[in-house]
Amino acid sequence: MTVAFWCVLIAIILPYLCTAIAKGAGKYGLRYNHDPRAFLSTLEGLPKRAHNAQLNGFEVTPAFAAAVIIAHVAGNAELVTINVLAVLFITSRLLYMICYLADWAILRSLVWFVGMGLIASFFFVSV
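Residues numbered from 1 in each chain as written. Predicted model: local features only at pLDDT ≥ 70, side-chain atom pairs only at ≥ 80, totals over all residues. Heavy atoms only, no water.

**Describing the packing of helix H3 (residues 45-74) against helix H5 (residues 105-125)**
In step 1: Contact pair H3 / H5: the axes reach a minimum separation of 8 Å and the direction vectors enclose 25 degrees. The orientation of H3 relative to H5 falls into the category roughly parallel. Once H3 is placed against H5, the crossing between them reads as left-handed. Packed against H3, whose contacting residues are Asn56, Val60, Ala63, Phe64, Ala67, Val68, Ile70 and Ala71, the element H5 presents Trp112, Met116, Ile119, Phe122 and Phe123 at the interface.
In step 2: Taken together, the residues that form the contact of H3 with H5 break down as twelve nonpolar, one polar and no charged. (Axes fitted to C-alpha atoms, helices over the stretch in contact; angles between N-to-C directions. Helix = DSSP H or I, 4+ residues; strand = E, 2+ residues; numbered from the N terminus. Parallel < 35°, antiparallel > 145°, perpendicular 65-115°, else oblique. Left-handed = near helix turned anticlockwise from the far one by under 90°. Contact = heavy atoms within 4.5 Å. Nonpolar A, V, L, I, M, F, W, Y, C, P; charged D, E, K, R; others polar.)

What follows is the structure, given as structure tokens:
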């Protein structure tokens, strides 16, 4: 298993950290689980931002996973390059989550663009 493949697993798990924050910081806390989707739609403030970060994590992870797999399959990129890009992507996701939770909208958007650029980079280094 390469570092990049482990980063895919981390990317899959990261949104659930935001889920725990959203549910834990909400009005009812983690004990409300009868209708979680309805509950999450009622959140405001930090819990809502955590939920939104969770959703974004679920949206971007398939693209990251595909980029890592394609870079490995193409075989044209150095393994160290793929691994570094993957670690940088995970770092960008952690920064993205921090920015979202702290309500730093402009910085969050910049970090999001960096993450998307890193996903594109997997394709460019594989040419």
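The discussion continues.
**Brief notes about the nonpolar core**
In step 1: Judged by nonpolar contacts, the single largest core of 27 residues is most densely connected at Phe64, Phe89, Ile90 and Phe122.
In step 2: Those elements that place two or more of their residues in this core are helix H1 (3-25), H3, helix H4 (79-102) and H5.
In step 3: Take this core: its biggest share by element is nine residues, from H4.
In step 4: Residues contacting Phe64, with those up to four places away along its chain left out, are Cys7, Val8, Ala11, Ala86, Phe89, Ile90, Ile119 and Phe122. (Core = buried A, V, L, I, M, F, W, Y, C linked by side-chain atoms within 4.5 Å. Buried < 20%, exposed > 50% of the residue type's maximum accessible area, 1.4 Å probe, protein only.)

**Here we look at the packing of aromatic side chains**
In step 1: Inspection of the entire model under this criterion finds five aromatic pairs.
In step 2: Plain terms: the ring middles of Phe64 and Phe89 are 4.2 Å apart, the flat faces sit at 15 degrees to each other, and that makes the pair stacked. Taken together, the residues span a long stretch of sequence, with Phe64 in helix H3 and Phe89 in helix H4 at a distance of 25 residues. Taken as a pair, Phe64 and Phe89 share a single burial class, namely buried.
In step 3: Pairing Phe64 with Phe122 gives two aromatic rings, centres 5.9 Å apart and planes at 65 degrees, and the pair type is edge-to-face. Of this pair, Phe64 sits in helix H3 while Phe122 sits in helix H5, and the two are 58 residues apart along the sequence. When sorted by exposure, Phe64 lands in the same class as Phe122, which is buried.
In step 4: Ring pairs connect the aromatic residues Phe64, Phe89 and Phe122, which therefore count as one cluster. (Phe/Tyr/Trp six-rings, centres within 6.5 Å; stacked < 30°, edge-to-face > 60°.)

**Focus: the UniProt feature "transmembrane region" (unreviewed entry) in the protein chain**
In step 1: Within the UniProt annotation, "transmembrane region" (unreviewed entry) is assigned to residues 64-89 and 101-125.
In step 2: The annotated region residues 101-125 carries 92% helix and 0% strand content, and the separation between its end C-alpha atoms amounts to 32 Å. (UniProt positions renumbered as here; feature names shortened; annotations may be inferred.)

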